[in-house]
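Chain by chain, the residues:
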Amino acid sequence: MKVGIIGSGGREHALCLSLKKSKKIDKIYCFPGNAGTSFVAENIQTDLNNFEELKKIIQKLKIDIIIIGPEKPLVDGIVDFLENNQIKVFGPNKTSSQLEGSKIFTKNLCKKYDIPTANFGVFNDQEKSLLYLKECNYPIVVKADGLAAGKGVYICETIEQSTNAVKEIFNGKFGEAKEVLIEEFLKGEEMSFFIISDGETYKKFGSAQDHKRALEGDKGKNTGGMGAYSPSRLEDIKLEEKILKKIINPTLKGLKDLNTEFKGFLYAGLMIVNNEPFLIEYNVRMGDPECQTILPRLKTDFAEILSACVNKNLKSINIDWFEQKSLCIVLVSKGYPEKFQNNIEIEGLSKLKLKDNEHIFHAGTKIIDNKIYSNGGRVLNFVSKSYNLKKGRNDLIKLIDNLKWENGYFRNDIGFKIIK
Ligand code: AMP
Ligand code: GLY
C-alpha cells in the first residue's frame, strides 16, 4: 500500500514512522514533509493550496490513501475535492471540518444538542459587543470565529483587555470578521481527547495533556504546544463515559442530521470542571504534539486502522495500546512564538544515542546537502515511552542537553501535574 501524508510537522513525522512499522506499507510520500520524514519517505514539494496539482501528483504516483495532517486543507475542502476524484482520503469533509473552522458553528451545535460548553454570546456588531463587555463578570474569553493558527483566543482579566480584543477582531486581525464570540471563562483542567472514525463507527484514540504556554509553570504566551504527555492524568472510565455520552455522541448525531459524517481523527479540547467535561473547542485532526505521544503507545498496526477507516470497516478492528505512558518535550527556536530565526544548522543530531523507547520526531527542519537546518518555531520533538515519566523526562532532557543546539529552548517541566 502507498500512503501520502499532507503536512510537515512533528505530527506528520510521527504518522510517517508509525506507518513505516507496518508490513502493509510499500511506500510513503510526504507533502512536503521535513528533514525527518525524508529519511523514511519521499518528500514532495508542492503548493498545498493547489488541489488540482496535488491530485495530478497523487494519481501519477498511484497513492492508495492520503492522510491530511493539518486543519487548513481540511477546512478548505481538500477531502471533498480528492474524493470527487476517486482518491481515498483519511480526514473529514468540508462540512464536518467546520467543527474546527468555525467556533460559532460548534457553539451553535452545542446549543442545539445540549453539549456542555462555556456559556456564550455571538455578536455581529462591535458597539453591541462593547456594551455587553460592561455587564460581564471577569475573566471572560473573547474569540475570533475562524482558523487563527492558535491565536484569536483572548483570555481577558479586565474590561480594557476585552475591549481591545473585540476591536482587534473586528478590525480584521484574523481576517474579515462579521462576528465575535464572547464566552464564560471555565476554571478546571484541560484534556485533549481523541476518537477515530470511518464515518459509521468510531473508537477512542487516547488522551493527552498538552502544555500550550511557552514558559514553565504554564506561564507566558500561547504556543502551538511545548510538550505533552499521554494518557491525561484525568483519564478514567467514568469520565470517558461522560465525554462520549455528553459530547462526542451528540456531536456526531448533529453532523448526521446535517446529512454528513465524520471520517478521520476528532480531537475534543475539553475543560474538566469537578469531574464534568465541557467542550472548549474541536479540532478535526490529530493534535500536535499530542500525536507524538499517542502514536508510540499504539500497539495495533496503524496502517490497518487507516485502511479500515477509508474502507468503512473500522468495526472489524480492535485498537490496542501499550501500558506505558509517554511524554514529549518540544525543542523550539529562541524567540518562538514571536520572532525567531530559521536556517540555523542543527549539528550532531545523528550522533545522539536513543534508547528503544525514545524517539525524535522532526517538526520545523529541512535538509540540504545532508545537513539539517531549523525551519520553523517548533523544531524537534523528543519523546519517551516508559512506566516512569520522571525518569523518561530526565533522559529526554539529557538528550536535548547533549545536542547543545544553542538556538533553541524547551520546558523542563512538561507533565509537572503528574510528575512529583
Ligand atoms: P483554543 O484556541 O480554542 O484552543 O483556546 C486556546 C486556549 O484558551 C485553550 O487551550 C484554553 O486554555 C483557553 N480557553 C479557551 N476557551 C476557554 C474558556 N471558555 N475558559 C477557559 N479557558 C479557555
Ligand atoms: N496541541 C494543540 C493542537 O494541536 O491544536
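Heads up: the structure comes first, above all this text.
### Considering the packing of helix 7 (residues 126-135) against helix 8 (residues 159-170)
Close contact between helix 7 and helix 8 brings their axes to 10 Å; oriented N to C, the two are set at 165°. The angle between helix 7 and helix 8 places the two elements in the roughly antiparallel class. Read as a crossing pair, helix 7 and helix 8 show a hand that is right-handed. Of the residues in helix 8, those in contact with Q126, S129, L130, L133 and K134 of helix 7 are I159, S162, T163, V166, K167 and F170.

### Brief notes about the packing of aromatic side chains
Inspection of the entire model under this criterion finds nine aromatic pairs. On the numbers, 4.7 Å between centres and 50° between planes, the contact of F194 with Y267 is tilted. Residue F194 is found in strand 10 (residues 189-198), and its partner Y267 is found in strand 15 (residues 263-273); the two are separated by 73 residues along the sequence. On the basis of an interplanar angle of 55° and a centroid distance of 5.0 Å, the ring pair of F205 and F265 is categorised as tilted. Of the two residues, F205 is situated in strand 11 (residues 202-210) and F265 in strand 15; the sequence distance between them amounts to 60 residues. On the basis of relative accessible area, F265 is assigned to the buried category, the value being 4%. Here a set of aromatic residues connected by ring pairs shows up, and it is made of F90, F205, F265, F302 and W321. Seen from the ring of F322, K385 lies directly overhead, with NZ or CZ sitting 3.9 Å from the centre.

Criteria and thresholds
Residue indices begin from 1 for each chain and proceed along its sequence in written order. Working convention: letters from A go to chains and numbers from 1 go to ligands, in the order in which they are written. Side-chain atom pairs in this predicted model are given and counted only at pLDDT of 80 or more, local residue features only at pLDDT of at least 70, and totals for whole chains, interfaces and linings cover all residues. In computing side-chain values, all of the structure's heavy atoms are included and hydrogens and water are not. Simply put, an axis is a line fit to the C-alpha atoms, just over the touching stretch for a helix, and the angle between two N-to-C directions goes from 0 to 180 degrees. Secondary structure counts use DSSP, requiring at least four H or I residues in a row for a helix and at least two E residues in a row for a strand, with both numbered from the N terminus. Any angle that is under 35 degrees is reported as roughly parallel, and any over 145 degrees as roughly antiparallel; angles of 65 to 115 degrees are reported as roughly perpendicular and all others as oblique. For any pair of crossing helices, the crossing counts as left-handed if the nearer helix is rotated counterclockwise from the farther one by less than a right angle, and right-handed if it is rotated clockwise. The contact definition used throughout considers only heavy atoms, calling two residues in contact when any of these lie within 4.5 Å. What counts as a ring pair is set by centres within 6.5 Å for rings of Phe, Tyr and Trp (its six-membered ring), and what kind of pair is set by the plane angle: stacked under 30 degrees, edge-to-face over 60, tilted for all other angles. Exposure is judged per residue with a 1.4 Å probe applied to protein chains only, and the accessible area is read against the type maximum: over 50% gives exposed, under 20% gives buried, and values in between give partly exposed. In this scheme, Lys NZ or Arg CZ marks a charge over a ring once it lies within 6 Å of the ring centre and within 35 degrees of the ring normal.

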